[in-house]
Amino acid sequence: MRSRSPRESPLDLLLHTALDAVIVMSADGKIAEWNDYAGTMFGWRRDEALGRNMAELIIPERLRAAHAEGLRHFLDTGEEGYLRQRIELPALHRSGREFPVEVRISPIDLDGGTAFVGCLRDLSARRALQQELHEAERQFGILVESITDYAIYMLDPEGRVTTWNSGAERIKGYRADEIVGQHFSRFYTEEDREAGVPAENLRRAAEAGKVAGEGGRVRKNGSHFAANIVMEAIRDTAGRLIGFAKITRDITAQREAQEMLDRAREQLLQASKMEAIGQLTGGVAHDFNNLLTAVSGSLALLEPRISDV
């Protein structure tokens, strides 16, 4: 690590310790100082940059006039304009490649005269990440919108609908423009609303992070359906609750199929019971018939004797 002299000025410290490109330019726009990071960012060595006009060196030609005008305006009026503001604009690499930078230019007093120090940060990696995130969000949006078997939507912390997919429209019957901004409690039955179930589910999801279960829900047309639901709390990087992700699946058909299966099993059980009773009564009848046959035979043998008496 480079040792720092107690005699170093704040500008020297900035030049040698900043993680951004730091460029000092005189009032006429010529580069008076240039740190190592600026050389890495723009492709020019310090000895090549010193004395060159900054606009011609690192600013695309279409923006040079505006840059020079901004500096002249400050020198003429003292009004800072775009100075001290963080702005994003294209910068020019030695190779001719343009890339985005964040710039902050401040006036300073240098050798008794006005000069400017610019701090520039390369935004290429940030922009690339933003584009990747944007594309990922776009692809995710397409995926969510293409799912029609599940209602997938978002709620704000108070339970108002903020997003709505095609599956939600198919299952619940509301178009996005009809339901976004409305409270999700309208999907519950009147009995559940009176019992405070929607508010309780929000509270439980906020506290536990997730709520899952089954229950009755109501469509736009007033018809009821059986639903399997999952509600998960969404928090920002600071841990603040920013909303809920909600997934609802219509399980009415599965419920009906299960009920039919249960009835079939019950009928089969009843049939099995009747068959067992039939077999039991059949066996008893057979045994009783055998008994009657024995009794009849005995009576036949006794009949001559009874006649002789």
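Residues numbered from 1 in each chain as written. Predicted model: local features only at pLDDT ≥ 70, side-chain atom pairs only at ≥ 80, totals over all residues. Heavy atoms only, no water.

### Observations regarding the sheet that holds strand β8 (residues 224-235)
Sheet strands line up and pair through hydrogen bonds in the backbone, either parallel or antiparallel. Ordered in space as β6-β9-β8-β7, the 4 strands form an open sheet in which the pairing is antiparallel. Both outer strands of the open sheet, β6 (150-155) and β7 (210-218), are each paired with one neighbouring strand and no more. Between one strand axis and the next, the sheet turns through 25° on average, direction left out of account. (Pairing = 2+ DSSP bridges. Helix = DSSP H or I, 4+ residues; strand = E, 2+ residues; numbered from the N terminus. Axes fitted to C-alpha atoms, helices over the stretch in contact; angles between N-to-C directions.)

### Here we look at the environment of Glu169
Among the secondary structure elements, Glu169 is positioned in helix α7 (residues 166-172). Classification of Glu169 as partly exposed rests on a relative accessible area of 36%. Separated by 18 residues in sequence, Glu169 and Ala151 place their C-alpha atoms 7.4 Å apart. Setting aside its immediate chain neighbours within four residues, Glu169 contacts Trp164, Tyr174 and Arg175. (Buried < 20%, exposed > 50% of the residue type's maximum accessible area, 1.4 Å probe, protein only. Contact = heavy atoms within 4.5 Å.)

### Considerations on the nonpolar core
If you look at the biggest cluster of nonpolar residues, it comprises 24 residues, and the most contacted ones within it are Ile23, Trp34, Phe42, Ile58 and Leu120. Of all the secondary-structure elements, those providing two or more residues to this core are β1 (21-26), β2 (31-34), α2 (36-42), α4 (54-58), α5 (61-77), β4 (98-110) and β5 (113-122). Excluding anything up to four places from it in sequence, Leu120 contacts Asp20, Ala21, Ile23, Met41, Phe42, Ile58, Val101, Glu102 and Val103. With 21 residues, the next largest nonpolar core counts Leu155, Phe187, Leu202 and Ala205 among its residues. (Core = buried A, V, L, I, M, F, W, Y, C linked by side-chain atoms within 4.5 Å.)

### Describing the pairing of β1
In terms of burial, β1 is a largely internal element, 5 of the 6 residues being buried. Bridging between β1 and β5 involves 6 bridges; their strand directions are antiparallel. Bridging from a neighbouring strand, Ala21 pairs with Leu120 of β5. A loop of 4 residues connects β1 with β2, the two strands running antiparallel in sequence, and Gly29 in this loop sits at a positive phi of about 90°.

### Thoughts on the sheet that holds β5
Strand order in the open sheet formed by 5 strands is β2-β1-β5-β4-β3, with antiparallel pairing between adjacent strands. The open sheet terminates on both sides in strands that have one partner only, identified here as β2 and β3 (87-92). Each neighbouring strand pair of the sheet contributes to a mean axis angle of 35°, computed without reference to strand direction. Where β1 and β2 come together, 3 bridges link them in antiparallel fashion.

### Quick notes on the side chain of Asn201
With respect to the secondary-structure elements, Asn201 resides in helix α10 (residues 197-208). In contact with Asn201, other than residues within four places in its own chain, are Tyr188, Val211, Arg217 and Met231.

### Some remarks on the pattern of salt bridges
Here the structure, examined in full by the defined rule, presents 19 salt bridges. As a salt-bridge pair, Arg46 and Glu33 come within 2.6 Å of each other at their nearest N and O atoms. Within this pair, whereas Arg46 is found in helix α3 (residues 46-49), its partner Glu33 is found in strand β2, the two being separated by 13 residues in sequence. Of the charged contacts in the structure, one is a salt bridge between Arg175 and Asp177, with a shortest N-O distance of 3.1 Å. (Salt bridge = Lys/Arg side-chain N within 4 Å of Asp/Glu carboxyl O.)

### Overview of the pairing of strand β9 (residues 241-250)
In this sheet, β9 lies alongside β6 in antiparallel orientation, the contact comprising 6 bridges. Each bridged residue has a counterpart across the sheet, and for Tyr150 the counterpart in β9 is Arg249. Pairing analysis gives 9 bridges linking β8 to β9, with the strands arranged antiparallel. Of the residues in β9, the one forming a bridge with Val230 is Ile247. Here β8 folds back onto β9, and the loop between the two strands holds 5 residues, one of which, Gly239, carries a positive phi near 90°.

### Quick word on α5
With 17 residues, α5 ought to run about 24 Å at 1.5 Å a step, and its terminal C-alpha atoms sit 25 Å apart, in line with that. Regarding α5, the residues found buried are His67, Gly70, Leu71 and Phe74. Buried residues of α5, seen end-on, are gathered within an arc of 90° and therefore sit on one face of the element. Of the exposed residues in α5, those oriented more than 90 degrees away from the buried face are Glu61, Arg62, Ala65, Ala66 and Asp76. Contact partners of the buried residues in α5: β1, α4, β4 and β5. (Expected span 1.5 Å × (residues − 1). Arc of directions from axis to C-beta.)

### Things to note about the confidence of the model for the protein chain
Per-residue confidence for the protein chain gives a mean pLDDT of 84, with 79% of residues at or over 70. When pLDDT is averaged over each helix and strand of the protein chain, the minimum, 66, is found for helix α11 (residues 252-308) and the maximum, 96, for α10. (pLDDT = per-residue confidence, 0-100.)

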